[in-house]
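Residues per chain are reported as follows:
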Amino acid sequence: MTIDLTDLITEITAAMAEAEDRGRVATYIPELAKVDPAQFGIAIATADGRVLTGGDAETGFSIQSISKVFALTLALGKVGDQLWDRVGREPSGNAFNSITQLEHEQGIPRNPFINAGAIVVADVNLGGHQPRVAIGEMLRFVRYLAGDDAIAINEAVATSETATGFRNMALANYMRAFNNVHHPVDLVLGSYFHQCAIEMSCRQLALAGRYLMMDGRHPGGGRVVSPRRARRINALMLTCGHYDASGDFAFRVGIPGKSGVGGGILAIVPGRASIAVWSPGLNASGNSALGTAALEHLARRTGWSVFSPPEDAG
Ligand code: GLN
């Protein structure tokens, strides 16, 4: 099956414009609550170097938890497999901001993509520095991955996250009690909230994800991570990238994906494509309703899946 991706993007964008259930926009901070739910964007960066876009693909949005993929990549570069002494690699089966599991598991979060795990990763990335150093490093890293220096942090979002982040403070303090957060909690969270507040368009996000479809290589030359590490990050995205809906996402879409509460999803088809979709309305698990539907549509029409032989795909 060979399919024209430009036609497919037009088809998906039209289908999403007609969708009735667009989910509900996150309301925990005003900056996200005021985003127009009618928007939908998609960008596909292909292994042969093309970038195809549709809908609101150039509009910036808050990447939120998608930043956890880039933060994990940086942390593994700093401490390697020692990270796994402090964070697990199992799906949580719980909401992204759940507290209960942490007590049972003695302050070791289930995986790096739930909030508790991402806070430990932010602690690693802080590495004894002030938050602005870690935040600067993260921003430079994402710009390098996307090849786009225009990517920036929305300070109003970061400030609002700080003002309302009581659950994240609870998670961080709880892990500090188990000595699994080493820096002062306000510094770790300052860094974490700023990474969540990075704004990117679908185009920028699809470009930033290319190293994960290219076995760790940077399209401009050189390596971001080893092939093994790229595969492992993809494995974590598949098993943990959608919190307690990760199984459903694997079932419906069948490729690694990481969602954010801003309505974006980064999805990776190894060897083929890095895909970003965005629509601000969320389903009950806090994942983009239309973003998931669009990826399901795309996977069905292309045959792209990590569960089928490559020759089945267009
Ligand atoms: N900033 C959000 C939080 O920490 C990110 C969560 C998400 O995108 N699911 O609650």
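Rules of the game
Residues numbered from 1 in each chain as written. Predicted model: local features only at pLDDT ≥ 70, side-chain atom pairs only at ≥ 80, totals over all residues. Heavy atoms only, no water. Core = buried A, V, L, I, M, F, W, Y, C linked by side-chain atoms within 4.5 Å. Buried < 20%, exposed > 50% of the residue type's maximum accessible area, 1.4 Å probe, protein only. Contact = heavy atoms within 4.5 Å. Helix = DSSP H or I, 4+ residues; strand = E, 2+ residues; numbered from the N terminus. Phe/Tyr/Trp six-rings, centres within 6.5 Å; stacked < 30°, edge-to-face > 60°. Salt bridge = Lys/Arg side-chain N within 4 Å of Asp/Glu carboxyl O. Pairing = 2+ DSSP bridges. Expected span 1.5 Å × (residues − 1). Arc of directions from axis to C-beta. Near = heavy atom within 4 Å. Polar contact = N/O pair within 3.5 Å; in protein donor to acceptor, adjacent residues only side chain to side chain. Nonpolar A, V, L, I, M, F, W, Y, C, P; charged D, E, K, R; others polar. Axes fitted to C-alpha atoms, helices over the stretch in contact; angles between N-to-C directions. Lys, Arg positive; Asp, Glu negative; His and termini not counted.

Colleague: Sorry if this is basic, but what is going on with the nonpolar core here?
Modeller: Within soluble globular proteins, side chains that are nonpolar generally end up buried alongside one another. By size, the foremost hydrophobic cluster in this structure holds 76 residues, and its most contacted members are Phe70, Ile119 and Ile198. Apart from residues no more than four positions distant in its own chain, Phe70 is found in contact with Ile63, Met138, Phe141, Val142, Leu145, Leu205, Ala208, Tyr211 and Leu266. Membership of the second largest hydrophobic core comes to 25 residues, among which are Ile3, Leu5, Ile42 and Leu290.

Colleague: Is there a simple way to explain the environment of Arg217 in this structure?
Modeller: Within the secondary structure, Arg217 is located in the loop between helix H11 (210–213) and helix H12 (227–240). Accessibility expressed as a relative area gives 39% for Arg217, which makes it partly exposed. Expressed as a C-alpha distance, the spacing of Arg217 and Ile99, which sit 118 residues apart in the sequence, is 36 Å.

Colleague: Hey, could you run me through the packing of aromatic side chains in this one?
Modeller: Between two aromatic rings, the relevant description is the distance of the centres plus the angle of the planes. All told, the structure shown has five aromatic pairs when counted by the stated rule. Taking 5.1 Å as the distance between ring centres and 5 degrees as the angle between the ring planes, the aromatic pair formed by Phe61 and Trp278 counts as stacked. Of this pair, Phe61 sits in strand S4 (residues 61–62) while Trp278 sits in strand S9 (residues 273–278); the two residues are 217 residues apart in sequence, bridging distant segments of the chain. Each member of the pair, Phe61 together with Trp278, is buried. Pairing Tyr174 with Phe178 gives two aromatic rings, centres 5.3 Å apart and planes at 65 degrees, and the pair type is edge-to-face. On the basis of relative accessible area, Tyr174 is assigned to the partly exposed category, the value being 26%.

Colleague: I would appreciate a short explanation of the pattern of salt bridges in the present structure.
Modeller: One side chain can pair with another of opposite charge once the charged atoms of both are near each other. Applying the stated criterion across every chain yields a total of eleven salt bridges. For Arg50, the salt bridge is made with Asp48, and the minimal N-O distance between the two is 3.2 Å. Among the residues examined, Asp48 registers a relative accessible area of 57% and is labelled exposed. What emerges from the salt-bridge pattern is a single network uniting Asp81, Arg228 and Arg232.

Colleague: Help me understand the pairing of strand S3 (residues 51–55), please; the structure alone is not making it clear to me.
Modeller: Remember that side chains alternate between the two faces of the sheet whenever the strand is regular. Two elements, strand S2 (residues 41–46) and S3, share five bridges in a ladder whose sense is antiparallel. When the bridges of S3 are listed, Gly41 appears paired with Gly55. Connecting S2 to the next strand, S3, in antiparallel fashion are four residues, including Gly49 with a positive phi near 95 degrees.

Colleague: I keep staring at helix H6 (residues 131–146) and nothing clicks. Help me out?
Modeller: Within an α-helix, residues lying three or four positions from one another point in the same direction, as the helix has 3.6 residues per turn. Taking 1.5 Å of rise per residue, 16 residues should cover 22 Å, and H6 covers 23 Å from first to last C-alpha, within 8% of that figure. Pro131, Ala134, Ile135, Met138, Leu139, Phe141, Val142, Leu145 and Ala146 are the residues of H6 that are buried. The buried residues of H6 occupy an angular sector of 160 degrees when the element is viewed end-on, so they sit on one face. The outward face of H6, more than 90 degrees from its buried face, is lined by the exposed residues Arg132 and Arg140.

Colleague: Hey, could you run me through the site of the ligand in this one?
Modeller: The environment of the ligand is made up of Tyr28, Gln64, Ser65, Phe96, Asn115, Glu161, Asn168, Tyr192, Cys196, Tyr243, Gly260 and Val261. Glu161 places a polar side-chain atom, nitrogen or oxygen, 3.1 Å from a nitrogen atom of the ligand. The contact in question runs from an oxygen atom of the ligand to an N or O atom on the side chain of Asn168, over 3.0 Å. In terms of residue class, the shell around the ligand is made up of six nonpolar, five polar and one charged.

Colleague: For this particular structure, what's the right way to read the sheet that holds strand S5 (residues 152–153)?
Modeller: Strands in a sheet are paired, the pairing made by backbone hydrogen bonds, and the direction either parallel or antiparallel. Strand order in the open sheet formed by three strands is S4-S6-S5, with antiparallel pairing between adjacent strands. Looking along the sheet, the strands with just one partner apiece sit at the ends: S4 and S5. Sheet topology places S4 next to strand S6 (residues 198–200); two bridges connect them, and they run antiparallel. Bridge assignment links Phe61 to a residue of S6, and that residue is Met200. Seen against the sheet, H6 touches S5 and S6 and runs at an angle of roughly 15 degrees to S6.

Colleague: Can you help me understand helix H8 (residues 166–177) in this one?
Modeller: Between its terminal C-alpha atoms H8 stretches 16 Å, which fits the 16 Å expected from twelve residues at 1.5 Å a residue. Regarding H8, the residues found buried are Asn168, Leu171, Ala172 and Met175. Buried residues of H8, seen end-on, are gathered within an arc of 95 degrees and therefore sit on one face of the element. With respect to the buried face of H8, the exposed residues turned more than 90 degrees away are Phe166 and Ala177.

Colleague: Got a minute to help me understand the side chain of Arg210 in this structure?
Modeller: With respect to the helices, strands and loops of the structure, Arg210 is situated in helix H11. Buried Arg210, no salt bridge; nearest opposite-charge side chain is Asp148, N-O distance 9.2 Å. Among the polar contacts made by the side chain of Arg210, one reaches the main-chain carbonyl oxygen of Leu145 at a distance of 3.2 Å. If sequence neighbours within four positions are ignored, Arg210 has contacts with Ala45, Leu145, Ala146, Gly147, Pro219 and Ser274.

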